[in-house]
Amino acid sequence: SQQGEEDPQALSIQEGENATMNCSYKTSINNLQWYRQNSGRGLVHLILIRSNEREKHSGRLRVTLDTSKKSSSLLITASRAADTASYFCATDASGYGNKLVFGAGTILRVKS
Amino acid sequence: GAVVSQHPSRVICKSGTSVKIECRSLDFQATTMFWYRQFPKQSLMLMATSNEGSKATYEQGVEKDKFLINHASLTLSTLTVTSAHPEDSSFYICSALLSPLLAKNIQYFGAGTRLSVL
């Protein structure tokens, strides 16, 4: 399986705290993306980082990528109750066409 | 942003019947759409890639005669679950590719369809 792993599987924090999720993958990639899924809904694209980038920011989101370790992290700063959702990393792997390979996901719960 | 509509959001059917799920790109043309299946608290499992005007490409282990995919236009792909059985009960999600070159393979997702087979 090319599916990556994410940790933690579940994370529970207080509103205002930062949340960090990690993702590891197995193959060479063109880019890595993070998606968010609210319960029982589709996924929403959050941010994309290319294989030649090491860090990227978007609002309260910060993504890092370490291609030597085949890993990425997503940091959500100053979390809000509305950030409660599942977060998935997805890799656009070289030679894999247009398909994305999704990680196992992290369930984030932000308590108010 | 790009909007993908998926219908129905929930369907309950009897065992042995067929169910059709529609996936539409509302404000863009999608030459490629994807169909996923998701079990509770698990990740997305790619079932097939749907290309406009050609046959779908199914992932290993997915029965193409069971899950019929039709991508007849640039804005519509359909997934038909034929002769549904209780084990087909799941959450099915579609996505559309805006443009592999412009959008770097960012996928835009429908809201999903919860299928319950009695």
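This structure is a prediction, so every number in the text was calculated from the model and none was measured.

Peer 1: Help me understand the overall build of chain B in this model?
Peer 2: Broken down by element type, chain B carries 0 helices and 11 strands. Order of helices (α) and strands (β) in chain B, N terminus to C terminus: β-β-β-β-β-β-β-β-β-β-β. Its C-alpha radius of gyration of 14 Å places chain B within 12% of the 13 Å reference for a compact globule of 118 residues. With the principal axes as the frame, chain B shows a C-alpha extent of 45 × 25 × 25 Å. Here chain B holds 118 residues, and the buried ones make up 52% of them. As displayed, chain B has an accessible area near 5,700 Å², and 53% of this comes from carbon and sulfur atoms. Of note, chain B has its 11 positive side-chain charges centred 5 Å away from the centre of its 8 negative side-chain charges.

Peer 1: How do you make sense of the nonpolar core when you look at a structure like this?
Peer 2: Most often, soluble globular proteins keep nonpolar side chains buried together rather than apart. One finds Trp35(B), Phe67(B), Leu79(B), Tyr92(B) and Leu115(B) to be the most contacted residues of the largest nonpolar core, which totals 24 residues. Among the elements of the structure, strand S2 (10–13), strand S3 (19–25), strand S4 (32–38), strand S5 (44–51), strand S7 (67–73), strand S8 (76–81), strand S9 (90–97) and strand S11 (113–117) of chain B are those that each provide at least two residues to this core. When residues no more than four places from it in sequence are discounted, the contact partners of Tyr92(B) are Gln6(B), Ile21(B), Tyr36(B), Arg37(B), Met47(B), Phe67(B), Leu79(B), Gly112(B), Thr113(B) and Leu115(B). Within the second largest apolar cluster, 20 residues are counted, among which are Ile49(A), Leu61(A), Ile76(A) and Cys89(A).

Peer 1: Could you clarify how one ought to interpret the pairing of strand S6 (residues 55–58) of chain A in this entry?
Peer 2: Consecutive side chains along a regular strand alternate between the two faces of the sheet. Residues and elements named next belong to chain A. The pairing of S6 with strand S7 (residues 61–66) spans 4 bridges and is classified as antiparallel. Bridge pairing in S7 places Ser 58 opposite Leu 61. The antiparallel hairpin formed by S6 and S7 contains 2 residues in its connecting segment, where Gly 59 sits at a positive phi of about 60°.

Peer 1: Explanation requested: the sheet that holds strand S1 (residues 4–7) of chain B in the structure shown.
Peer 2: Strand pairing in a sheet takes place through backbone hydrogen bonds and is either antiparallel or parallel in direction. All names here are of chain B. Judged by pairing direction, the sheet is antiparallel, and its 4 strands sit side by side in the order S1-S3-S8-S7 without closing on themselves. Each end of this open sheet is capped by a strand with a single partner; those strands are S1 and S7. The mean angle between the axes of side-by-side strands here comes to 15°, regardless of whether they run parallel or antiparallel. In the sheet, S7 pairs with S8 via 5 bridges, with the strands oriented antiparallel. Residue Leu 68 lies in a different strand from S8, and its bridge partner there is Thr 80.

Peer 1: How should the state of the cysteines be read in this particular structure?
Peer 2: Disulfide: a covalent bond formed between the sulfur atoms of two cysteine residues. All told, the structure shown has 2 disulfides over all chains when counted by the stated rule. Disulfide pairing places Cys23(A) opposite Cys89(A) at an S-S distance of 2.0 Å. Where Cys23(A) bonds to Cys89(A) through sulfur, the torsion about that S-S bond is close to 70°, and the disulfide is right-handed. Residue Cys23(A) is found in strand S3 (residues 19–24), and its partner Cys89(A) is found in strand S9 (residues 85–93); the two are separated by 66 residues along the sequence. Across the pair, Cys89(A) and Cys23(A) agree in class, each one buried. A sulfur-sulfur distance of 2.0 Å marks the disulfide that ties Cys23(B) to Cys94(B). Judged by the sign of its S-S torsion, about 80°, the cystine formed by Cys23(B) and Cys94(B) is right-handed. Linking Cys23(B) in strand S3 with Cys94(B) in strand S9, this pair joins segments that are 71 residues apart in sequence.

Peer 1: Mind showing me how you'd approach the side chain of Thr106(A) here?
Peer 2: One can find Thr106(A) in strand S11 (residues 106–111). There is a polar contact of 2.6 Å between the side chain of Thr106(A) and the backbone oxygen of Pro8(A).

Peer 1: Can you help me understand the pattern of salt bridges in this one?
Peer 2: When their charged atoms lie close together, side chains carrying opposite charge are able to pair. Evaluation of the coordinates by the stated rule reveals 6 salt bridges over all chains. For Arg62(A), the salt bridge identified is with Glu55(A), shortest N-O distance 3.1 Å. Judged by relative accessible area, which is 39%, Glu55(A) ranks as partly exposed. Between Arg24(B) and Glu22(B) there is a salt bridge whose closest N-O contact spans 3.5 Å. Residue class for Glu22(B) comes out partly exposed when judged on its relative accessible area of 24%. Among the charged side chains, a network of salt bridges with common partners joins Arg36(A), Arg60(A) and Asp83(A).

Calculation rules
- Residues numbered from 1 in each chain as written.
- Chains lettered and ligands numbered in written order.
- Predicted model: local features only at pLDDT ≥ 70, side-chain atom pairs only at ≥ 80, totals over all residues.
- Heavy atoms only, no water.
- Helix = DSSP H or I, 4+ residues; strand = E, 2+ residues; numbered from the N terminus.
- Rg over C-alpha atoms; globule rule 2.2 N^0.38 Å.
- Buried < 20%, exposed > 50% of the residue type's maximum accessible area, 1.4 Å probe, protein only.
- Areas by Shrake-Rupley, 256 points an atom, 1.4 Å probe, with all protein chains shown as cover.
- Lys, Arg positive; Asp, Glu negative; His and termini not counted.
- Charge placed at Lys NZ, Arg CZ, Asp CG, Glu CD.
- Core = buried A, V, L, I, M, F, W, Y, C linked by side-chain atoms within 4.5 Å.
- Contact = heavy atoms within 4.5 Å.
- Pairing = 2+ DSSP bridges.
- Axes fitted to C-alpha atoms, helices over the stretch in contact; angles between N-to-C directions.
- Disulfide = S-S within 2.5 Å.
- Polar contact = N/O pair within 3.5 Å; in protein donor to acceptor, adjacent residues only side chain to side chain.
- Salt bridge = Lys/Arg side-chain N within 4 Å of Asp/Glu carboxyl O.

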